[in-house]
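Letter by letter, the chains look like this.
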Amino acid sequence: LRRALVRGPQGARLFGSSPATTQEETLDVAIIGGGIIGCATARELLERRPDLKLGILEKEDGLGMHQTSHNSGVIHAGMYYKPGSMKAKFCVAGMKKMYDYCDKKKIPYRKNGKLIMAIREDEVEGLENIMERGLQNGVPGLEMVDADGIRQIEPNASGIKAVWSPATGIVDFQQVCFGYAEDVKEHGGTITKGFKMEKLAAEKDAVRIFSSDGREVLARKVITCAGLYSDHVAKSGGGGAMDPQIAPFRGAWLTVKQEYLDIVKANIYPVPDPRFPFLGVHFTPTMKNELLLGPNATLAFQREGYRYRDVNFSEFLQTLAHPGLQKTMAQHIATGVKEMFRDFVIDANLRRLQQYVPTLSKEMIEGWKSGVRAIAIDQNGILDEFVIEEGIPGRVINIRNAPSPACTASLRIAEEVVDRAEHLGFFR
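Definitions and limits used
Residues numbered from 1 in each chain as written. Predicted model: local features only at pLDDT ≥ 70, side-chain atom pairs only at ≥ 80, totals over all residues. Heavy atoms only, no water. 1 Å grid on protein atoms, 1.4 Å probe; cavity = no way out; pocket = protein on both sides within 12 Å on 5 of 7 lines; lining within 4 Å. Points joined across faces, edges and corners; volume = space filled by probe spheres on them. Phe/Tyr/Trp six-rings, centres within 6.5 Å; stacked < 30°, edge-to-face > 60°. Lys NZ or Arg CZ within 6 Å of the ring centre and 35° of its normal. Helix = DSSP H or I, 4+ residues; strand = E, 2+ residues; numbered from the N terminus. Buried < 20%, exposed > 50% of the residue type's maximum accessible area, 1.4 Å probe, protein only. Contact = heavy atoms within 4.5 Å. Pairing = 2+ DSSP bridges. pLDDT = per-residue confidence, 0-100. Expected span 1.5 Å × (residues − 1). Axes fitted to C-alpha atoms, helices over the stretch in contact; angles between N-to-C directions. Parallel < 35°, antiparallel > 145°, perpendicular 65-115°, else oblique. Left-handed = near helix turned anticlockwise from the far one by under 90°.

Notes on empty space enclosed by the protein
At step 1: Tallied over the entire structure, the rule returns two cavities of 30 Å³ or more.
At step 2: Considering only enclosed or pocket space, the largest cavity measures out at about 110 Å³ in volume.
At step 3: In terms of lining residues, the largest cavity is bounded by 14 residues, among which Asn71, Gly73, Val171, Asp172 and Lys288 are the most central.

Side note on the packing of aromatic side chains
At step 1: As enumerated under the stated definition, the model contains seven aromatic pairs in all.
At step 2: Between Phe301 and Tyr308, the aromatic rings sit 6.0 Å apart at their centres with planes inclined by 50°, giving tilted as the arrangement.
At step 3: Each residue in the set Phe301, Tyr308 and Phe316 is aromatic and connected to the rest through ring pairs, giving one cluster.
At step 4: Taking the ring centre of Phe426 as reference, the NZ or CZ of Lys221 above it sits at 5.3 Å.
At step 5: Lying over the aromatic face of Tyr308, Arg250 brings its terminal NZ or CZ to 4.5 Å of the ring centre.

Here's the deal with unusual backbone geometry
At step 1: A cis amide bond links Asp243 to the next residue, Pro244, at an omega of 5°.
At step 2: Following Ser404, the chain continues to Pro405 via a peptide bond in cis, the omega torsion being 15°.
At step 3: For Pro405, the position within the fold is in the loop between strand S23 (396-401) and helix H11 (410-423).
At step 4: Positive phi values are uncommon outside glycine, yet Lys106 reaches one of about 60°.
At step 5: Relative to the helices and strands, Lys106 is located in the loop between helix H2 (86-105) and strand S6 (109-110).
At step 6: For Lys106, a relative accessible area of 71% gives the class exposed.
At step 7: One non-glycine residue, Asn289, adopts positive backbone phi at about 60°.
At step 8: Checked against the element boundaries, Asn289 lands in the loop between strand S17 (282-285) and strand S18 (291-294).
At step 9: For Asn289, a relative accessible area of 47% translates into the label partly exposed.

Comments concerning the environment of Met131
At step 1: Looking at the element boundaries, Met131 is found in helix H3 (residues 124-137).
At step 2: With 197 residues separating them along the chain, Met131 and Thr328 place their C-alpha atoms 28 Å apart.
At step 3: Contacts of Met131, omitting those with residues within four sequence positions, involve Leu142, Glu143, Met144 and Val163.

Quick look at the sheet that holds S6
One key point about sheets: their strands pair by backbone hydrogen bonds, in either a parallel or an antiparallel sense.
At step 1: With antiparallel pairing, the three strands of this open sheet are ordered in space as S5-S10-S6. Here the strands that pair on one side only, and so sit at the sheet edges, are strand S5 (74-75) and S6.
At step 2: The pairing of S5 with strand S10 (residues 169-171) spans two bridges and is antiparallel. Across the sheet, residue Ile75 finds its bridge partner in S10, namely Gly169.

What to know about the confidence of the model for the chain
At step 1: Summary statistics for the chain give a mean pLDDT of 91 and a share of 93% for residues scoring 70 or more.
At step 2: Per-residue pLDDT stays below 50 along residues 1-5; that stretch engages in 24 contacts with residues further than four places along the chain or on separate chains.
At step 3: In this model, residues 9-22 is a region of pLDDT below 50 whose contacts with residues beyond four sequence positions or in other chains number 23 contacts.

With respect to the pairing of strand S11 (residues 190-193)
At step 1: Residue alternation in S11 divides its side chains into a buried set, Thr190 and Thr192, and an unburied set, Ile191 and Lys193.
At step 2: Bridge analysis of strand S4 (residues 54-58) against S11 gives four bridges, and the strand direction is parallel. Paired with Glu58 across the two strands is Lys193, which belongs to S11.

Some remarks on helix H5 (residues 173-186)
At step 1: With 14 residues, H5 should reach 20 Å at 1.5 Å per residue; the first-to-last C-alpha distance of 20 Å fits that figure.
At step 2: What H5 keeps buried is the set Phe173, Gln174, Val176, Cys177, Gly179, Tyr180, Ala181, Asp183 and Val184.
At step 3: Of the residues trailing H5, Gly188 is marked for its positive phi of about 95°.

Focus on the environment of Leu320
At step 1: Turning to its location among the elements, Leu320 is positioned in helix H7 (residues 313-320).
At step 2: Separated by 55 residues in sequence, Leu320 and Ile375 have C-alpha atoms that sit 13 Å apart.
At step 3: For Leu320, the residues in contact, after removing those within four places along its chain, are Leu299, Leu325, Gln326 and Met329.

As for the packing of helix H1 (residues 36-48) against H11
At step 1: Axis separation between H1 and H11 bottoms out at 8 Å; the angle between their running directions is 55°. Taken as axis vectors, H1 and H11 run oblique relative to one another. For the crossing formed where H1 meets H11, the hand is right-handed. Across from Ile36, Ile37, Ala40, Thr41, Arg43, Glu44, Leu45 and Arg48 in H1, the residues of H11 making contact are Ser410, Leu411, Ile413, Ala414, Glu415, Val417, Val418, Asp419 and Glu422.

Some points on the environment of Leu27
At step 1: On the secondary structure map, Leu27 appears in strand S3 (residues 27-32).
At step 2: Overall, the relative accessible area of 2% leaves Leu27 in the buried class.
At step 3: Along the chain, Leu27 and Leu52 lie 25 residues apart, while their C-alpha atoms are 8.1 Å from each other.

Printed below as a string of structure tokens:
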């Protein structure tokens, strides 16, 4: 494989091609971030331009270690999102691409469908709006069902009306990420793990990428896909604007004991609160032989803080200081308090879940797991759209916001990023 030279603090060769040379090698494109979006983007670039010398730089010792692997694993169909938005268009197109890719790579998935259930009359209007959006977005197979229809699909579920989406499915997105990485390597790309980017510096014809341990990589073009640290990376010499800033929101799921996994087969979701970019607590079977109940949404004390005892005071204070987050918290402080209460009091969480599946009981609960979502905020509050921007003109593109359904839409997002790179003249 072709490899760019990565130099250590004293200029020592850490890995690279075998010829003895003192000339520094240069990547055509460096991808910062080895999550599902970074790997999908690298794959798309090499699919179109197999002659590129491309490398992925990932700070962890594995790929897809954060948002890619800490999520519900749902292949979304696209009925939630505003018609005409990138989220809507990319999700619907990305869903089909995801199923086709999984078939091609023999990655296991299951099309188990989704019920979005109204449990009160005052939720029906919101449910009908979701149905209308889904139809406008071209989501296949949508159906409105009544209480009897809900029970025919899920005998243990209880609701008055629901949108049934048979196209929704489940997959292990980290396995998909691994598949993309295999494609990258088969096309001659390289993957460097344990490379934590510290800053970028523009040079005459390239960008120098510095790691926290003193290593350096030189690349003609850079695309940043840094997830929970997308704002830090974009602003660390990447030419990115101050906003959006990432606010990390921790979500915790309850897990169900193995003997009760068949309590539901499909994904069961509530009618979401349109004020927030979260879909509410839901029942989600996974390809890892789990049944997840949740998640909630509470502000995390650090960017990758999966436990309450994970605290980074500098990161937390920076998050709290942002005017957009302050505005959002002031408007929704009661909701935030309730979310934290349910996180600590399992009975309160169960009562909410039992509104959808009354047969659920505390004895069925085995434990919990968590993830952290990167929520982008600007001066006005939470951003609910993908954000892709040019950083250093002609040299750097930053993916600043890729929230759900980014995993589902990863192949379509990658196409958009590469389209923009070509439009900006990256490869002239």
